There are 4 protein chains.
Amino acid sequence: MAPTRQERKESLTKMREQQILDAALKVFSAKGFAEATTTEIAQEAGVAEGTIYNYYQSKRDLLVSVVKTFVITESFLGIFENAGELEFPALLTTVLNNRMDFIGESGKNRLLLLMSEILRDPELKMIYDRQVIKPIMTRMEKYFETKSAKGEFRPLQTGVVTRALGGMVLGLLLITLLEGESSPLQSVPRQSLVAEMVQLITEGVQPH
Amino acid sequence: MAPTRQERKESLTKMREQQILDAALKVFSAKGFAEATTTEIAQEAGVAEGTIYNYYQSKRDLLVSVVKTFVITESFLGIFENAGELEFPALLTTVLNNRMDFIGESGKNRLLLLMSEILRDPELKMIYDRQVIKPIMTRMEKYFETKSAKGEFRPLQTGVVTRALGGMVLGLLLITLLEGESSPLQSVPRQSLVAEMVQLITEGVQPH
Amino acid sequence: MAPTRQERKESLTKMREQQILDAALKVFSAKGFAEATTTEIAQEAGVAEGTIYNYYQSKRDLLVSVVKTFVITESFLGIFENAGELEFPALLTTVLNNRMDFIGESGKNRLLLLMSEILRDPELKMIYDRQVIKPIMTRMEKYFETKSAKGEFRPLQTGVVTRALGGMVLGLLLITLLEGESSPLQSVPRQSLVAEMVQLITEGVQPH
Amino acid sequence: MAPTRQERKESLTKMREQQILDAALKVFSAKGFAEATTTEIAQEAGVAEGTIYNYYQSKRDLLVSVVKTFVITESFLGIFENAGELEFPALLTTVLNNRMDFIGESGKNRLLLLMSEILRDPELKMIYDRQVIKPIMTRMEKYFETKSAKGEFRPLQTGVVTRALGGMVLGLLLITLLEGESSPLQSVPRQSLVAEMVQLITEGVQPH
DNA sequence: TATGAATGAGCATTCATTCAT
DNA sequence: CATGAATGAATGCTCATTCAT
């Protein structure tokens, strides 16, 4: 059935809301919250400045909404659903590649720049924790516990290990960004990088 | 000998400069660069707003100066100088404790909040890279190469491993901050946390 | 036909722009550029301070715009178009009266006060030269050349004479302003003043 | 007799006062009153900023003092003392040359830039009128009256003529400054310029 | 609902003036 | 008297938010 006028209108409205949100993400990421202007967001979204306020109460509200949409992609969490079927190194390789693709695709420092706003604000922190951190950590902890129980891993403090490993990915990214062009990692092929990390996590640094 | 009038004056001047720098660090950390106001920095420093401009050219210059003083503490780099005498686990334990003390003592998220400004600004990035990241990474890489060569470590891509390990510490901190009160790490004693990380880095997750 | 909504809006906008320009002229004239404040200009224009910046990029831009609108009135240049038909003394009388009316009507010292800003600033100087000085001088020179060629004037260095005569009007005004109330010219009727100047320019000071 | 300590001190003091005044004239001329800073004046004078306030009550007071020193040079007024002995054209030539030297030597626009400050301020206007304008005008009027009475000039409204001629010199200068490099007067030799003006004033523009 | 001009509070910065040494 | 650091009022300008159309 063809959409009614009512429906078409609603879908237009939804679209406009999304446009604004996308624009806000882009601008906040590039400049940070304080240095972003509503003027620029409006331009980026292709709407008038006033229109933003028909959808969002304030610039701050827009930021909160942006963070709220930062849900972990289903595809990522899905990896863990079928995790039992894969060997750990294979899984880890998949996860690391997935994360690096994610960072790559959505703009190198988008995530990290938003992070600074999040760290500064208790409300945002809570939202982000609930929507991103907790789901991932829970999934990972469960995975490690199972593996540990089966004897495929040595006994682990899963709380610590998950955060250490999650942190490793995040921190590696940060350091790379800080080093910029001069980072020696720039010349390491992705495959080689991932392989080394997998080995580090699996075996540590000690000799066989 | 008693300080001359000249000397006393100079020391007063130095003190005032330091006061302003300290105040700036505090306020920038709490609010971020853009949302920090010179009024607040002046109040925090206990001087008039105009006085700031007798010492620093601009608010931006103040930020640069703050970042410049973020040199890695000598004590930290010193650890690596005498590194040969310690077993790796003992060294690692020392390093981790040192880092956590550092974070603890200098204000929980001070470092991380400044980092967001640093990431956004090429000039600051360069300064921070040169003064903090590079020295640490160089020291660590040399250490790992030596160990590897002696056969105490398996063959490593030291560039990757150092950044992964450095990143782990940084990222762990980030995640903890994001989780806040609700983090399970809150209830893990420092000693236990460090021990687990040491083991993870040494042996990885695989069973013996 | 009645003006469309669009047109009405545009005319309102034009009006506001003009209001601001008028206010700026007034305030700049009274206080000079540096001592004029945007606050005062806004008040004078009856708009908010921010509104100024919807129309002009900066206070400086406002000054430039003010100077740009100082085009010589058409009526003045028109005098020279039909100059051939008048005897020189009659023409001169017309010109002098026109200039004195102009000064009188547009605020006594407006022109002169702006001139100080103009003299100080190369860009403004160029604008004013191109829009006011050059057109007048060109017209006058052409006029004198023609008259000279016809033998109605003695042979003249027209470049010098035009500027000397233009300068006479300007300088007379300046001196009068400096002398203020105490000037003996205050008690000379306009007609008499103009007549004397005409005779001076025509015959000089020598006896017949 | 050698100067006493007392005297030497006083002369030093006088010198310093003069230094400050000279510096102020220079800076005010170059930038205008409002845009000149006490810092710059102090630097120019080679004293500390605070020292200025030991000699002058305020920046404004400094401006007043600067204007007060703008007395007409004796040499100029002296010209008129012995005026009787010279033919008018010779005298006029002397005066014009003197004025143009004066302008040339003391910096092209020094006088004119100060004039804008003077025009804006009643107190300064009065001072300048009394010290510069009035003496010149009085002298000139007396001269013209005498000449007129003797029949060497036609009957003149001396008040008007003196101001018209004084204004001519001033205005010519102004126009030249406004035209800058592009002025045709740039290529007219001084002698020729003066000669033309003398003839204009003496005979006017009419043919013999 | 969409628009965009108007608003005015808020900020970084300047600079004349003061005053302790 | 000389100094120059400290002061803080004043200013140009920005930008989130409102609201008449």
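Residues numbered from 1 in each chain as written. Chains lettered and ligands numbered in written order. Predicted model: local features only at pLDDT ≥ 70, side-chain atom pairs only at ≥ 80, totals over all residues. Heavy atoms only, no water.

What is the right way to look at the pattern of salt bridges in this model?
Pairing between side chains of opposite charge can happen when their charged atoms approach one another. Scanning all chains against the criterion turns up 52 salt bridges over all chains. Ionic pairing is found between R120(C) and E117(D), a salt bridge with its closest N-O pair at 3.4 Å. Placement of the pair is R120(C) in helix α7 (residues 110–120) and E117(D) in helix α7 (residues 110–120), with the two residues belonging to separate chains. Looking at E117(D), the relative accessible area reads 7%, which means it is buried. (Salt bridge = Lys/Arg side-chain N within 4 Å of Asp/Glu carboxyl O. Helix = DSSP H or I, 4+ residues; strand = E, 2+ residues; numbered from the N terminus. Buried < 20%, exposed > 50% of the residue type's maximum accessible area, 1.4 Å probe, protein only.)

Would you explain the domain arrangement of chain A in this entry?
A common measure of how large an interface is: the accessible area buried when the components associate. Residues and elements named next belong to chain A. We note that the domain assignment places domain 1 (5–57) and domain 2 (71–203) within chain A. Computed over C-alpha atoms, the centres of domain 1 and domain 2 are 31 Å apart. Of the residues lining the interface, six residues belong to domain 1; the matching set on domain 2 comes to four residues. For the domain 1 face of the interface with domain 2, the top three residues by lost area are L25, S29 and F33, together amounting to 72%. Remark: the boundary between domain 1 and domain 2 carries zero salt bridges. Connecting domain 1 to domain 2 are one residue pair in polar contact (both at pLDDT 80 or more). (Domains from an automatic or database assignment. Contact = heavy atoms within 4.5 Å. Buried area = accessible area lost by both parts, 1.4 Å probe. Polar contact = N/O pair within 3.5 Å; in protein donor to acceptor, adjacent residues only side chain to side chain.)

What am I meant to see in the protein's contact with DNA strand F here?
Taken together, 30 residues form the shell around DNA strand F, and within it T38(A), R16(B), T51(B), Y53(C) and T51(D) come nearest. Across the atoms of DNA strand F situated within 4 Å of the protein, the share located in sugar and phosphate is 70%. At 2.7 Å from a phosphate oxygen of DNA strand F is found a side-chain nitrogen or oxygen belonging to T38(A). Between DNA strand F and the protein, one listed contact pairs a phosphate oxygen with a side-chain N or O atom of T51(D) at 2.8 Å. Put simply, the parts of the chain that give the surface near DNA strand F at least two residues each are α3 (49–55) of chain A, α3 (49–55) of chain B, α3 (49–55) of chain C together with α1 (5–31) and α3 (49–55) of chain D. Taken together, the residues that form the surface near DNA strand F break down as ten nonpolar, 13 polar and seven charged. (Near = heavy atom within 4 Å. Nonpolar A, V, L, I, M, F, W, Y, C, P; charged D, E, K, R; others polar.)

It is not clear to me how helix α9 (residues 158–179) of chain D should be interpreted in this structure. Could you clarify?
All names here are of chain D. In a regular helix each residue adds 1.5 Å, so 22 residues correspond to 32 Å; α9 covers 31 Å between its end C-alpha atoms and thus fits that length. By the criterion of burial, α9 is predominantly enclosed, with 20 of the 22 residues buried. Looking one or two residues beyond α9, the residue adopting positive phi is G180, at roughly 60°. (Expected span 1.5 Å × (residues − 1).)

Help me out: how do you make sense of the relation of the copies chain D and chain C in this one?
What relates the two chain copies is a rotation about an axis together with a slide along it. Overlay of chain D on chain C (RMSD 0.3 Å): rotation 179°, translation along the axis 0.1 Å. One copy is carried onto the other by what is essentially a two-fold rotation axis. Of the interface residues in chain D, 98% have counterparts in chain C that sit at the interface too, so the contact is made through matching surfaces. (Least-squares fit on C-alpha atoms with pLDDT ≥ 70 in both.)

Looking at this model, I keep getting lost on the relation of the copies chain B and chain A. Mind explaining?
With an RMSD of 0.4 Å, the fit of chain B onto chain A corresponds to turning through 179° and sliding 0.1 Å along the axis. A shared binding surface is used by both copies, with 98% of the interface residues of chain B retained as interface residues in chain A.

Where do I start with the protein's contact with DNA strand E in this structure?
For DNA strand E, the set of nearby residues contains 29 residues, the closest of which are T51(A), Y53(B), R16(C), T51(C) and T38(D). Near the protein, within 4 Å, the atoms of DNA strand E are sugar or phosphate in 67% of cases. Among the elements of the structure, α3 of chain A, α3 of chain B, α3 of chain C together with α3 of chain D are those that each provide at least two residues to the surface near DNA strand E. Class assignment of the residues belonging to the surface near DNA strand E gives a composition of ten nonpolar, twelve polar and seven charged.

For this particular structure, what's the right way to read the packing of aromatic side chains?
The relative placement of two aromatic rings is captured by the distance of their centres and the angle of their planes. All names here are of chain A. Within the structure shown, the criterion is met by 28 aromatic pairs over all chains. One aromatic cluster in this structure is built from F88, Y143, F144 and F153. Between the NZ or CZ atom of K59 and the centre of the ring of F33, over which it lies, the distance is 4.5 Å. (Phe/Tyr/Trp six-rings, centres within 6.5 Å; stacked < 30°, edge-to-face > 60°. Lys NZ or Arg CZ within 6 Å of the ring centre and 35° of its normal.)

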